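# Geometric and topological summary
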Amino acid sequence: MPEGDTVWQAAARLHAALAGRTLTHADLRVPRFATSDLTGREVLDVTPYGKHLLTRVEGGLTLHSHLRMDGAWRIFAPGAPWRGGPEHQIRAVLQNTDATAVGYRLPVLELLPTADEHTVIGHLGPDLLSPGWDNTLRDQAVRNLLAAPDRPLGEALLDQRNLAGIGNVYKSELCFLARVTPWLPVGDLAPDVPARLVATAHRLLDLNKDHPDRRTTTVARTSPATHTTRTTSAPDLLYVYGRRSRPCLRCRTPVRKADQGDGSRERPTYWCPKCQPGPTS
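About the cut-offs
Residues numbered from 1 in each chain as written. Predicted model: local features only at pLDDT ≥ 70, side-chain atom pairs only at ≥ 80, totals over all residues. Heavy atoms only, no water. Pairing = 2+ DSSP bridges. Helix = DSSP H or I, 4+ residues; strand = E, 2+ residues; numbered from the N terminus. Axes fitted to C-alpha atoms, helices over the stretch in contact; angles between N-to-C directions. Contact = heavy atoms within 4.5 Å. Expected span 1.5 Å × (residues − 1). Buried < 20%, exposed > 50% of the residue type's maximum accessible area, 1.4 Å probe, protein only.

## Overview of the sheet that holds strand 2 (residues 43-49)
Strand order in the open sheet made by the four strands is 2-3-4-8, with antiparallel pairing throughout. Here the strands that pair on one side only, and so sit at the sheet edges, are strand 2 and strand 8 (108-113). Between one strand and the next, the sheet's axes are offset by a mean angle of 20°, whatever the strand orientation. Here six bridges tie strand 3 (residues 52-57) to strand 4 (residues 61-66), and the two strands are oriented antiparallel to one another. Among the inter-strand pairings, Thr55 is bridged to a residue of strand 4, identified as Leu63. Along the sheet, helix 1 (residues 4-18) contacts strand 2 and strand 3; its crossing angle with strand 2, the most-contacted strand, is approximately 175°.

What follows is the structure, given as structure tokens:
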């Protein structure tokens, strides 16, 4: 499932292609909105919130989409062939004189009044990539996490009602950086850890939102000539995610993998059994 930084990038591409331009063709290929026609309306902006995309159109309408596991928006130049999947997987087409945005396999696509956006995102916690991110939003996210002290940390981080934008990758990486397992109850965290976790989550998503290759790692390197230490990017992009059976970047212990949650959906979770003390799956 795309994480908040990936959705932010998708919104930026859609905004650049559509915002400020009039739709010359619009096709929503879902039964409920198949007869809705946005042709002739100007796209005002495309805004992300957590993992949700809000395409606002003049006349007080918003096209709400969510990518979940397999959805994607692709942008094509005029006359270019559409490549993103077979025709039957297309759920939306938004076209102007300069570009065509095609939504493939979108599991959520709905048209609603812009004034009613709260009905689709109002239940979410603070957006980690909100342009207005501040200590107030951070503190709200911390309170949300701590509201269920018996809940495993990994599950609490994934719950978009607590804070919006974290997926399986950041869940695993944040737990590693906090030096606890994803199964540790939130209430067992040291008092200063929840605020640091939220601040780190915001910082990592913000640093990665403009880069195609997500990175969470840094390493301290000592120059043999000067004996000075400086922090540089590590060759490995992530500390534990996707590194099953490979050595931990800190202690060289093999990284482990397990699913977390009730089994209703795939939740791959990675952790180092030495660096991250606490309960496991």
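Having seen the structure, we can now continue with the description.
## Let's talk about the sheet that holds strand 6 (residues 90-95)
Ordered by their spatial adjacency, four strands build an open sheet running 1-6-7-5, and the pairing between neighbours is antiparallel. Every interior strand has two partners, whereas the edge strands, strand 1 (25-28) and strand 5 (72-76), have only one. For this sheet, the mean angle separating the axes of adjacent strands, direction not counted, is 15°. One ladder, built from four bridges, connects strand 1 with strand 6; its direction is antiparallel. Opposite Asp27, over in strand 6, you have Val93 as the bridge partner.

## Digging into helix 1
When the terminal C-alpha atoms of helix 1 are compared, their 21 Å separation across 15 residues agrees well with the 21 Å that a helix rising 1.5 Å per residue should span. Along helix 1, the residues that are buried comprise Gly4, Asp5, Val7, Gln9, Ala10, Ala11, Leu14, Ala17 and Leu18.

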